[in-house]
Amino acid sequence: MWTIIEYLRKFRRSSRGVSNVIVIVLSLVILVIIASNVILWSYQMNQLDWEKMQENLTVSNVVNVNITYSAWLTIQTEYQVNLGSRMSGTYIDTKAIDGDWETFQEESSPPTYRLDINGTFIIDLSTYSLSLIHTIEVQMRYRTSDTLEKLYLKAYNWVSNTYSDSDFNNTLGHTPSGYWDYYAIKFTTEWRDYVRDDGAMIIKLHDEKNDAVRTNLEVDFLGVRVVTSGAFFTFKNNGSLTVHVVSLWIINSAIHNHYDVNVFINSGENGTYLLGNAQLPSKPYFVKAVTERGNIAVYSPN
Amino acid sequence: MILVRRFLRNKRGVTPVLSNVLLTVVAVAAMSLAASATYVITDNLHQIMGERVIAEDVWFTSDGISIYLRNTGKVAVEVSSVYVNFTSQSFTPLTLEVWEHGWLNVTFSWDAGGLYHMNIVTSRGTKIVDYYRVPS
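These numbers were taken from a predicted model, which means no experiment stands behind them.

The rules behind the values
Residues numbered from 1 in each chain as written. Chains lettered and ligands numbered in written order. Predicted model: local features only at pLDDT ≥ 70, side-chain atom pairs only at ≥ 80, totals over all residues. Helix = DSSP H or I, 4+ residues; strand = E, 2+ residues; numbered from the N terminus. Buried ≥ 20, exposed ≤ 12 C-beta atoms within 10 Å, placed from the backbone. Contact = placed C-beta atoms within 7 Å. Pairing = 2+ DSSP bridges. Axes fitted to C-alpha atoms, helices over the stretch in contact; angles between N-to-C directions. Core = buried A, V, L, I, M, F, W, Y, C linked by C-beta atoms within 7 Å. pLDDT = per-residue confidence, 0-100.

A. Examining the overall build of chain A more closely. A tally of regular secondary structure across chain A gives two helices and 17 strands. Relative to its 302 residues, chain A shows a buried fraction of 27%.

Structure below.
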(Lines give C-alpha, C1' and ligand atoms only; values in the text may rest on other atoms or scores of the structure.)
Protein backbone atom coordinates (compact mmCIF):
# COMPACT_ATOMS: atom_id res chain seq x y z
CA MET A 1 0.00 0.00 0.00
CA TRP A 2 2.75 2.40 0.97
CA THR A 3 4.60 1.48 -2.20
CA ILE A 4 1.64 2.43 -4.38
CA ILE A 5 1.20 5.75 -2.58
CA GLU A 6 4.90 6.46 -3.04
CA TYR A 7 4.63 5.75 -6.79
CA LEU A 8 1.64 8.08 -7.11
CA ARG A 9 3.54 10.86 -5.31
CA LYS A 10 6.46 10.43 -7.69
CA PHE A 11 4.10 10.48 -10.64
CA ARG A 12 2.49 13.72 -9.43
CA ARG A 13 5.85 15.39 -8.89
CA SER A 14 7.31 14.32 -12.21
CA SER A 15 6.74 16.88 -14.97
CA ARG A 16 8.62 14.97 -17.60
CA GLY A 17 6.50 13.76 -20.53
CA VAL A 18 3.72 16.36 -20.17
CA SER A 19 4.29 17.60 -23.70
CA ASN A 20 4.31 13.99 -24.90
CA VAL A 21 0.93 13.46 -23.32
CA ILE A 22 -0.41 16.63 -24.96
CA VAL A 23 0.93 15.55 -28.33
CA ILE A 24 -0.64 12.12 -27.97
CA VAL A 25 -4.00 13.56 -26.94
CA LEU A 26 -4.05 16.05 -29.79
CA SER A 27 -2.89 13.35 -32.19
CA LEU A 28 -5.91 11.36 -31.12
CA VAL A 29 -8.08 14.41 -31.85
CA ILE A 30 -6.58 14.59 -35.33
CA LEU A 31 -7.20 10.90 -35.86
CA VAL A 32 -10.82 11.36 -34.79
CA ILE A 33 -11.22 14.25 -37.24
CA ILE A 34 -9.75 12.19 -40.07
CA ALA A 35 -11.84 9.17 -39.16
CA SER A 36 -15.11 11.09 -38.94
CA ASN A 37 -14.56 13.43 -41.87
CA VAL A 38 -12.95 11.08 -44.33
CA ILE A 39 -13.36 7.44 -43.44
CA LEU A 40 -16.96 7.50 -42.17
CA TRP A 41 -18.04 9.91 -44.89
CA SER A 42 -16.30 7.81 -47.50
CA TYR A 43 -18.17 4.81 -46.15
CA GLN A 44 -21.47 6.67 -46.41
CA MET A 45 -20.84 7.83 -49.97
CA ASN A 46 -19.68 4.36 -50.97
CA GLN A 47 -22.90 3.00 -49.59
CA LEU A 48 -24.82 5.61 -51.61
CA ASP A 49 -22.99 4.58 -54.78
CA TRP A 50 -23.49 0.93 -54.00
CA GLU A 51 -27.22 1.48 -53.52
CA LYS A 52 -27.35 3.38 -56.80
CA MET A 53 -25.73 0.45 -58.57
CA GLN A 54 -28.22 -1.95 -56.99
CA GLU A 55 -31.21 -0.03 -58.39
CA ASN A 56 -32.90 -1.59 -61.38
CA LEU A 57 -35.95 0.32 -62.49
CA THR A 58 -37.67 -0.09 -65.84
CA VAL A 59 -40.59 1.76 -67.34
CA SER A 60 -42.61 -1.11 -68.78
CA ASN A 61 -45.47 0.85 -70.34
CA VAL A 62 -46.86 4.34 -70.84
CA VAL A 63 -50.31 5.06 -72.24
CA ASN A 64 -52.57 8.05 -72.56
CA VAL A 65 -55.62 8.03 -70.33
CA ASN A 66 -58.71 9.25 -72.14
CA ILE A 67 -60.33 12.50 -71.18
CA THR A 68 -63.07 11.97 -68.62
CA TYR A 69 -65.66 14.39 -67.29
CA SER A 70 -66.91 14.62 -63.75
CA ALA A 71 -70.55 15.09 -62.89
CA TRP A 72 -71.68 18.70 -62.84
CA LEU A 73 -70.82 20.33 -59.55
CA THR A 74 -73.42 22.87 -58.53
CA ILE A 75 -73.71 25.63 -55.98
CA GLN A 76 -74.32 24.68 -52.36
CA THR A 77 -75.48 28.06 -50.99
CA GLU A 78 -77.51 30.96 -52.32
CA TYR A 79 -75.95 33.25 -54.93
CA GLN A 80 -74.57 36.56 -53.78
CA VAL A 81 -76.31 39.38 -55.62
CA ASN A 82 -73.94 42.34 -55.98
CA LEU A 83 -76.01 44.39 -58.41
CA GLY A 84 -79.71 43.69 -58.90
CA SER A 85 -82.03 41.53 -56.86
CA ARG A 86 -83.39 38.00 -56.58
CA MET A 87 -87.00 37.82 -57.74
CA SER A 88 -88.05 34.23 -57.26
CA GLY A 89 -86.80 30.70 -56.86
CA THR A 90 -83.73 29.57 -54.97
CA TYR A 91 -80.27 28.27 -55.74
CA ILE A 92 -81.78 24.75 -55.55
CA ASP A 93 -83.56 25.50 -58.82
CA THR A 94 -80.20 26.05 -60.58
CA LYS A 95 -78.79 22.62 -59.72
CA ALA A 96 -80.38 20.72 -62.62
CA ILE A 97 -81.84 21.31 -66.06
CA ASP A 98 -85.39 20.60 -65.08
CA GLY A 99 -87.58 23.58 -65.89
CA ASP A 100 -87.32 25.09 -62.40
CA TRP A 101 -85.29 28.25 -62.32
CA GLU A 102 -84.19 31.11 -60.16
CA THR A 103 -84.97 34.62 -61.38
CA PHE A 104 -82.82 37.70 -60.91
CA GLN A 105 -83.61 41.25 -61.92
CA GLU A 106 -81.28 44.11 -62.78
CA GLU A 107 -80.88 46.81 -60.16
CA SER A 108 -83.38 49.61 -60.08
CA SER A 109 -81.42 52.71 -60.94
CA PRO A 110 -82.70 53.90 -64.32
CA PRO A 111 -81.37 54.40 -66.85
CA THR A 112 -78.42 52.26 -65.75
CA TYR A 113 -79.75 48.80 -65.08
CA ARG A 114 -77.02 46.40 -64.09
CA LEU A 115 -76.83 42.81 -62.88
CA ASP A 116 -73.95 41.13 -61.09
CA ILE A 117 -74.16 37.87 -59.16
CA ASN A 118 -71.64 35.32 -58.04
CA GLY A 119 -71.64 31.90 -56.45
CA THR A 120 -69.13 29.58 -54.86
CA PHE A 121 -68.58 26.09 -56.23
CA ILE A 122 -66.59 23.43 -54.46
CA ILE A 123 -64.54 20.76 -56.24
CA ASP A 124 -64.26 17.67 -54.07
CA LEU A 125 -60.50 17.19 -54.03
CA SER A 126 -60.78 13.79 -52.40
CA THR A 127 -62.51 12.65 -55.61
CA TYR A 128 -60.77 14.87 -58.15
CA SER A 129 -57.15 15.39 -57.23
CA LEU A 130 -55.72 18.68 -58.45
CA SER A 131 -52.83 16.84 -60.06
CA LEU A 132 -55.21 14.96 -62.36
CA ILE A 133 -57.29 17.89 -63.52
CA HIS A 134 -56.78 18.80 -67.14
CA THR A 135 -59.18 21.71 -67.21
CA ILE A 136 -62.51 22.93 -65.87
CA GLU A 137 -65.71 23.70 -67.71
CA VAL A 138 -68.57 25.98 -66.71
CA GLN A 139 -72.04 25.74 -68.21
CA MET A 140 -75.18 27.75 -67.73
CA ARG A 141 -78.74 27.42 -69.09
CA TYR A 142 -80.59 30.69 -68.93
CA ARG A 143 -83.19 32.96 -70.44
CA THR A 144 -83.53 36.76 -70.37
CA SER A 145 -86.39 39.13 -70.94
CA ASP A 146 -84.21 41.39 -73.08
CA THR A 147 -82.28 40.13 -76.09
CA LEU A 148 -80.12 43.24 -76.29
CA GLU A 149 -78.21 42.18 -73.22
CA LYS A 150 -74.88 40.46 -73.27
CA LEU A 151 -73.82 38.25 -70.40
CA TYR A 152 -70.33 37.39 -69.21
CA LEU A 153 -69.10 34.59 -67.04
CA LYS A 154 -65.95 35.22 -65.03
CA ALA A 155 -64.06 33.39 -62.33
CA TYR A 156 -62.13 34.62 -59.34
CA ASN A 157 -58.40 34.44 -59.89
CA TRP A 158 -56.88 33.57 -56.49
CA VAL A 159 -53.43 34.68 -57.63
CA SER A 160 -54.28 38.14 -58.93
CA ASN A 161 -57.28 38.51 -56.58
CA THR A 162 -59.56 39.70 -59.38
CA TYR A 163 -62.43 38.32 -61.40
CA SER A 164 -61.20 37.46 -64.85
CA ASP A 165 -62.06 35.58 -68.01
CA SER A 166 -58.65 35.96 -69.62
CA ASP A 167 -57.96 32.25 -69.24
CA PHE A 168 -61.28 31.16 -70.76
CA ASN A 169 -61.48 29.72 -74.24
CA ASN A 170 -64.20 32.28 -74.95
CA THR A 171 -64.05 35.81 -73.63
CA LEU A 172 -66.67 37.27 -75.95
CA GLY A 173 -69.60 36.72 -73.63
CA HIS A 174 -72.98 35.40 -74.72
CA THR A 175 -75.90 37.17 -76.34
CA PRO A 176 -79.29 35.79 -75.29
CA SER A 177 -81.86 34.78 -77.86
CA GLY A 178 -84.89 35.24 -75.65
CA TYR A 179 -85.35 31.49 -75.43
CA TRP A 180 -83.47 29.03 -73.23
CA ASP A 181 -79.79 29.32 -74.10
CA TYR A 182 -76.67 27.44 -73.17
CA TYR A 183 -73.57 29.46 -72.34
CA ALA A 184 -70.49 27.33 -71.76
CA ILE A 185 -66.83 28.14 -71.29
CA LYS A 186 -63.70 26.12 -70.70
CA PHE A 187 -60.54 27.16 -68.90
CA THR A 188 -57.20 27.06 -70.66
CA THR A 189 -54.16 25.41 -69.09
CA GLU A 190 -54.07 28.19 -66.48
CA TRP A 191 -57.13 26.87 -64.66
CA ARG A 192 -55.14 26.34 -61.45
CA ASP A 193 -55.12 30.06 -60.66
CA TYR A 194 -58.92 29.93 -60.36
CA VAL A 195 -59.13 26.99 -57.95
CA ARG A 196 -58.25 27.57 -54.33
CA ASP A 197 -56.19 24.92 -52.57
CA ASP A 198 -59.35 23.63 -50.88
CA GLY A 199 -61.15 23.29 -54.25
CA ALA A 200 -63.25 26.47 -54.02
CA MET A 201 -64.12 28.40 -57.17
CA ILE A 202 -66.13 31.61 -57.38
CA ILE A 203 -68.05 32.11 -60.62
CA LYS A 204 -69.42 35.52 -61.48
CA LEU A 205 -72.19 36.36 -63.95
CA HIS A 206 -72.71 39.95 -65.03
CA ASP A 207 -74.12 41.94 -67.87
CA GLU A 208 -72.03 43.92 -70.32
CA LYS A 209 -72.92 47.54 -69.68
CA ASN A 210 -75.52 50.04 -68.65
CA ASP A 211 -78.75 49.86 -70.60
CA ALA A 212 -82.18 51.42 -70.48
CA VAL A 213 -84.19 48.20 -70.10
CA ARG A 214 -84.51 46.46 -66.75
CA THR A 215 -83.91 42.82 -67.61
CA ASN A 216 -84.99 39.67 -65.83
CA LEU A 217 -82.57 36.76 -65.89
CA GLU A 218 -83.82 33.25 -65.31
CA VAL A 219 -81.11 30.74 -64.47
CA ASP A 220 -82.19 27.13 -64.91
CA PHE A 221 -78.76 25.64 -64.44
CA LEU A 222 -75.25 26.75 -63.54
CA GLY A 223 -72.54 24.25 -62.82
CA VAL A 224 -68.87 23.44 -63.19
CA ARG A 225 -67.26 20.16 -64.03
CA VAL A 226 -63.77 18.79 -63.95
CA VAL A 227 -62.03 17.37 -67.00
CA THR A 228 -59.34 14.85 -66.16
CA SER A 229 -56.74 13.25 -68.34
CA GLY A 230 -53.18 12.10 -68.11
CA ALA A 231 -50.46 9.68 -68.98
CA PHE A 232 -50.43 6.34 -67.17
CA PHE A 233 -46.98 4.99 -66.32
CA THR A 234 -46.20 1.40 -65.34
CA PHE A 235 -42.89 0.74 -63.59
CA LYS A 236 -41.11 -2.46 -62.67
CA ASN A 237 -38.59 -2.48 -59.85
CA ASN A 238 -36.27 -5.43 -60.48
CA GLY A 239 -33.74 -4.31 -57.90
CA SER A 240 -33.30 -5.28 -54.30
CA LEU A 241 -33.99 -1.80 -52.94
CA THR A 242 -37.08 0.36 -52.82
CA VAL A 243 -37.00 2.93 -55.61
CA HIS A 244 -38.10 6.54 -55.22
CA VAL A 245 -39.02 8.10 -58.57
CA VAL A 246 -38.67 11.87 -58.32
CA SER A 247 -38.88 13.06 -61.89
CA LEU A 248 -40.64 12.11 -65.13
CA TRP A 249 -39.90 13.36 -68.61
CA ILE A 250 -41.94 13.24 -71.79
CA ILE A 251 -39.70 14.05 -74.71
CA ASN A 252 -39.98 14.30 -78.46
CA SER A 253 -38.33 16.51 -81.05
CA ALA A 254 -40.42 19.51 -80.06
CA ILE A 255 -41.01 19.17 -76.33
CA HIS A 256 -39.02 18.24 -73.26
CA ASN A 257 -41.66 18.26 -70.54
CA HIS A 258 -40.50 17.71 -66.98
CA TYR A 259 -42.75 16.69 -64.09
CA ASP A 260 -41.82 16.41 -60.43
CA VAL A 261 -43.34 13.27 -58.94
CA ASN A 262 -43.10 11.31 -55.74
CA VAL A 263 -43.53 7.59 -56.39
CA PHE A 264 -42.15 4.74 -54.27
CA ILE A 265 -41.93 1.23 -55.68
CA ASN A 266 -41.01 -1.66 -53.44
CA SER A 267 -38.39 -4.15 -54.43
CA GLY A 268 -39.65 -6.65 -56.99
CA GLU A 269 -43.00 -4.94 -57.40
CA ASN A 270 -44.78 -3.21 -60.24
CA GLY A 271 -45.79 0.38 -59.67
CA THR A 272 -48.23 2.59 -61.53
CA TYR A 273 -48.62 6.32 -61.65
CA LEU A 274 -51.17 8.53 -63.37
CA LEU A 275 -49.49 11.74 -64.43
CA GLY A 276 -52.39 14.13 -64.51
CA ASN A 277 -52.76 16.96 -66.97
CA ALA A 278 -50.17 15.41 -69.27
CA GLN A 279 -50.63 13.90 -72.69
CA LEU A 280 -48.20 11.78 -74.61
CA PRO A 281 -47.25 13.34 -77.94
CA SER A 282 -47.46 11.53 -81.24
CA LYS A 283 -44.69 9.03 -81.92
CA PRO A 284 -41.75 9.02 -81.94
CA TYR A 285 -41.31 10.03 -78.32
CA PHE A 286 -39.70 8.62 -75.24
CA VAL A 287 -40.15 9.00 -71.52
CA LYS A 288 -37.63 9.00 -68.71
CA ALA A 289 -38.05 8.19 -65.04
CA VAL A 290 -35.37 9.54 -62.72
CA THR A 291 -34.82 8.09 -59.26
CA GLU A 292 -33.70 9.86 -56.13
CA ARG A 293 -30.37 8.01 -56.23
CA GLY A 294 -29.71 9.33 -59.73
CA ASN A 295 -30.60 6.45 -62.05
CA ILE A 296 -32.59 7.07 -65.20
CA ALA A 297 -34.97 4.56 -66.79
CA VAL A 298 -35.91 5.24 -70.38
CA TYR A 299 -38.95 3.95 -72.28
CA SER A 300 -39.65 4.35 -75.95
CA PRO A 301 -42.79 2.87 -77.55
CA ASN A 302 -42.39 0.70 -80.62
CA MET B 1 3.58 36.43 4.82
CA ILE B 2 6.98 34.98 5.63
CA LEU B 3 6.21 31.91 3.54
CA VAL B 4 5.31 34.06 0.54
CA ARG B 5 8.56 36.01 0.88
CA ARG B 6 10.55 32.76 1.06
CA PHE B 7 8.74 31.44 -2.02
CA LEU B 8 9.49 34.58 -4.00
CA ARG B 9 13.18 34.58 -2.99
CA ASN B 10 13.62 30.87 -3.78
CA LYS B 11 15.08 30.60 -7.31
CA ARG B 12 15.67 26.85 -7.35
CA GLY B 13 13.71 24.85 -10.02
CA VAL B 14 12.81 27.88 -12.14
CA THR B 15 14.53 26.57 -15.25
CA PRO B 16 12.79 23.16 -15.27
CA VAL B 17 9.44 24.84 -14.77
CA LEU B 18 10.07 27.30 -17.57
CA SER B 19 11.25 24.57 -19.89
CA ASN B 20 8.20 22.47 -19.13
CA VAL B 21 5.86 25.38 -19.67
CA LEU B 22 7.56 26.32 -22.92
CA LEU B 23 7.49 22.75 -24.19
CA THR B 24 3.82 22.49 -23.33
CA VAL B 25 3.03 25.76 -25.13
CA VAL B 26 4.99 24.67 -28.19
CA ALA B 27 3.31 21.26 -28.19
CA VAL B 28 -0.17 22.76 -27.85
CA ALA B 29 0.48 25.35 -30.55
CA ALA B 30 1.97 22.85 -32.99
CA MET B 31 -0.76 20.30 -32.48
CA SER B 32 -3.49 22.93 -32.69
CA LEU B 33 -2.09 24.00 -36.03
CA ALA B 34 -1.92 20.38 -37.14
CA ALA B 35 -5.49 19.74 -35.97
CA SER B 36 -6.80 22.84 -37.75
CA ALA B 37 -4.98 21.96 -40.95
CA THR B 38 -6.31 18.42 -40.76
CA TYR B 39 -9.83 19.70 -40.24
CA VAL B 40 -9.61 22.07 -43.21
CA ILE B 41 -8.09 19.46 -45.51
CA THR B 42 -10.47 16.68 -44.51
CA ASP B 43 -13.48 18.99 -44.66
CA ASN B 44 -12.56 19.81 -48.24
CA LEU B 45 -12.16 16.11 -48.99
CA HIS B 46 -15.45 15.50 -47.23
CA GLN B 47 -17.23 17.93 -49.57
CA ILE B 48 -15.53 16.61 -52.69
CA MET B 49 -16.50 13.06 -51.77
CA GLY B 50 -20.12 14.11 -51.16
CA GLU B 51 -20.69 15.65 -54.57
CA ARG B 52 -22.98 13.79 -56.97
CA VAL B 53 -24.67 15.37 -59.98
CA ILE B 54 -26.54 13.81 -62.88
CA ALA B 55 -27.66 15.21 -66.21
CA GLU B 56 -31.33 14.25 -66.55
CA ASP B 57 -31.85 15.71 -69.97
CA VAL B 58 -30.04 17.52 -72.75
CA TRP B 59 -32.07 19.68 -75.07
CA PHE B 60 -30.62 21.31 -78.17
CA THR B 61 -32.63 24.52 -78.51
CA SER B 62 -32.46 27.48 -80.83
CA ASP B 63 -30.61 29.41 -78.10
CA GLY B 64 -27.98 26.77 -77.49
CA ILE B 65 -27.89 23.69 -75.30
CA SER B 66 -29.99 23.26 -72.18
CA ILE B 67 -28.88 20.60 -69.72
CA TYR B 68 -31.14 19.61 -66.84
CA LEU B 69 -29.00 18.85 -63.79
CA ARG B 70 -30.01 17.23 -60.51
CA ASN B 71 -27.96 17.34 -57.36
CA THR B 72 -28.15 13.84 -55.85
CA GLY B 73 -25.22 14.33 -53.48
CA LYS B 74 -24.83 15.56 -49.94
CA VAL B 75 -23.47 19.05 -50.60
CA ALA B 76 -24.46 22.06 -52.70
CA VAL B 77 -23.07 22.12 -56.21
CA GLU B 78 -21.93 25.06 -58.29
CA VAL B 79 -21.19 24.68 -61.99
CA SER B 80 -17.89 26.39 -62.75
CA SER B 81 -17.13 25.40 -66.33
CA VAL B 82 -18.79 23.83 -69.35
CA TYR B 83 -16.78 22.42 -72.22
CA VAL B 84 -18.29 21.38 -75.54
CA ASN B 85 -15.86 19.48 -77.72
CA PHE B 86 -13.11 20.44 -75.26
CA THR B 87 -13.76 24.15 -75.72
CA SER B 88 -14.99 26.29 -72.85
CA GLN B 89 -18.45 27.77 -73.41
CA SER B 90 -20.39 30.54 -71.68
CA PHE B 91 -23.40 29.53 -69.59
CA THR B 92 -25.90 30.93 -67.14
CA PRO B 93 -24.58 30.51 -63.57
CA LEU B 94 -26.17 27.61 -61.75
CA THR B 95 -25.97 26.56 -58.11
CA LEU B 96 -27.96 23.58 -56.90
CA GLU B 97 -28.59 22.91 -53.24
CA VAL B 98 -28.98 19.32 -52.06
CA TRP B 99 -31.85 17.63 -54.02
CA GLU B 100 -32.32 20.71 -56.16
CA HIS B 101 -32.54 20.51 -59.95
CA GLY B 102 -32.66 22.96 -62.82
CA TRP B 103 -31.66 23.92 -66.32
CA LEU B 104 -28.11 24.84 -67.20
CA ASN B 105 -28.24 26.97 -70.33
CA VAL B 106 -25.12 26.88 -72.47
CA THR B 107 -24.59 29.28 -75.32
CA PHE B 108 -23.50 27.19 -78.27
CA SER B 109 -24.22 27.01 -81.96
CA TRP B 110 -24.77 23.36 -82.82
CA ASP B 111 -25.37 21.52 -86.07
CA ALA B 112 -28.23 19.09 -86.65
CA GLY B 113 -27.03 15.51 -86.52
CA GLY B 114 -23.78 16.53 -84.86
CA LEU B 115 -22.13 14.59 -82.05
CA TYR B 116 -20.83 16.66 -79.17
CA HIS B 117 -18.60 15.82 -76.25
CA MET B 118 -19.80 17.70 -73.18
CA ASN B 119 -17.93 18.16 -69.96
CA ILE B 120 -19.61 19.94 -67.07
CA VAL B 121 -17.25 20.74 -64.23
CA THR B 122 -18.26 21.79 -60.73
CA SER B 123 -16.34 24.15 -58.49
CA ARG B 124 -14.94 21.16 -56.56
CA GLY B 125 -13.82 19.39 -59.69
CA THR B 126 -16.58 16.82 -60.16
CA LYS B 127 -17.23 16.18 -63.85
CA ILE B 128 -20.22 15.02 -65.86
CA VAL B 129 -18.81 13.86 -69.15
CA ASP B 130 -20.70 12.28 -72.01
CA TYR B 131 -21.36 12.39 -75.72
CA TYR B 132 -24.68 13.75 -76.96
CA ARG B 133 -25.97 13.54 -80.51
CA VAL B 134 -28.24 16.24 -81.90
CA PRO B 135 -31.41 14.86 -83.56
CA SER B 136 -31.23 15.15 -87.32
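Having seen the structure, we can now continue with the description.
B. Examining the overall build of chain B more closely. Summing up its helical and strand segments, chain B has two helices and eight strands in all. Overall, chain B shows an N-to-C arrangement of helices and strands of α-α-β-β-β-β-β-β-β-β. Taken across its 136 residues, chain B has 18% of its residues classed as buried. When contacts within chain B are restricted to residue pairs at least 6 apart in sequence, those whose partners lie at least 24 apart make up 52%.

C. Looking closely at the sheet that holds strand E1 (residues 53-61) of chain B. Residues and elements named next belong to chain B. Taken together, the three strands give an open sheet; going across it, the order is E1-E2-E6, and neighbouring strands pair in antiparallel fashion. The sheet is open, and its two borders are formed by E1 and strand E6 (101-106), each paired with just one other strand. On average, each strand axis in the sheet is inclined to that of its neighbour by 25°, with strand direction left out of account. Judged from the eight bridges that link them, E1 and strand E2 (residues 64-71) form a sheet pairing that is antiparallel. Note that in E2 the partner of Phe60 across the bridge is Ile65.

D. Here's a closer look at the pairing of strand E6 (residues 116-122) of chain A. All names here are of chain A. On E6, burial follows the alternation: Ile117, Gly119 and Phe121 on one face are buried, whereas Asp116, Asn118, Thr120 and Ile122 on the facing-out side are not. Pairing analysis gives three bridges linking strand E3 (residues 80-83) to E6, with the strands arranged antiparallel. Its bridge partner lying in E6, Gln80 is registered against Asn118. The pairing of E6 with strand E11 (residues 200-207) spans seven bridges and is antiparallel. What sits directly across from Ile117, in E11, is Leu205.

E. Summary view of the interface of chain A and chain B. If you look at the interface, chain A gives 26 residues, while chain B gives 26 residues. Elements with a contribution of two residues or more to the side of chain A that touches chain B: helix H2 (18-54), strand E13 (243-251), strand E14 (256-265) and strand E16 (286-291) of chain A. Top element by residues in the side of chain A that touches chain B is H2 of chain A. It accounts for 14 residues.

F. Representation of the environment of Ser85 of chain A within the structure. Residue and element names in this part refer to chain A. Position of Ser85 among the secondary structure elements: in strand E4 (residues 85-88). For Ser85, a count of 13 C-beta atoms within 10 Å corresponds to the partly exposed category. Here the alpha-carbon distance between Ser85 and Thr103, two residues 18 residues apart in the chain, equals 8.8 Å. In this view, Ser85 contacts Phe104, Gln105 and Glu107; residues no more than four positions away in its chain are not counted.

G. Representation of the nonpolar core in the model. Residue and element names in this part refer to chain A. Counting 34 residues, the largest nonpolar core has Tyr194, Met201, Ile203 and Val224 as the members making the most contacts within it. Elements represented by at least two residues in this core include exactly E6, strand E7 (133-144), strand E8 (151-157), E11 and strand E12 (216-237). The biggest single contributor to this core is E12, with six residues. Excluding anything up to four places from it in sequence, Tyr194 contacts Ala155, Tyr156, Asn157, Trp158, Phe187 and Met201. Counting 18 residues, the second largest nonpolar core, distinct from the first, contains Leu57, Ala231, Val246 and Leu275.

H. Region of interest: the sheet that holds E14 of chain A. Residue and element names in this part refer to chain A. With respect to topology, four strands assemble into an open sheet ordered E14-E13-E16-E17, the strand pairing being antiparallel. Sheet topology places E14 and strand E17 (296-299) at the edges, where each strand pairs with a single neighbour. When strand polarity is set aside, the average angle formed by the axes of neighbouring strands in this sheet is 20°. Where E16 lies against E17, four bridges are found, and the strand directions are antiparallel. Note on E17: the bridge partner recorded for Val287 is Tyr299.

I. Just the environment of Lys52 of chain A, in detail. Residues and elements named next belong to chain A. Along the chain, Lys52 falls in helix H2. Each C-alpha atom of the pair Lys52 and Glu292 lies 9.1 Å from the other, and the pair is 240 residues apart in sequence. Excluding its chain neighbours within four sequence positions, the residues that come into contact with Lys52 are Arg293, Gly294 and Asn295.

J. Up close: unusual backbone geometry. All names here are of chain A. A cis amide bond, omega 5°, links Lys283 with the succeeding residue Pro284. Despite not being glycine, Asn161 has its phi angle at roughly 55°, a positive value. Take Asn161: it is sitting in the loop between E8 and strand E9 (162-164).

K. Molecular detail of the confidence of the model for chain B. Chain-level pLDDT for chain B is 87 on average; 98% of the residues reach the 70-or-more range. Scored as a whole, the predicted complex attains pTM 0.64, and scored at its interfaces, ipTM 0.76.

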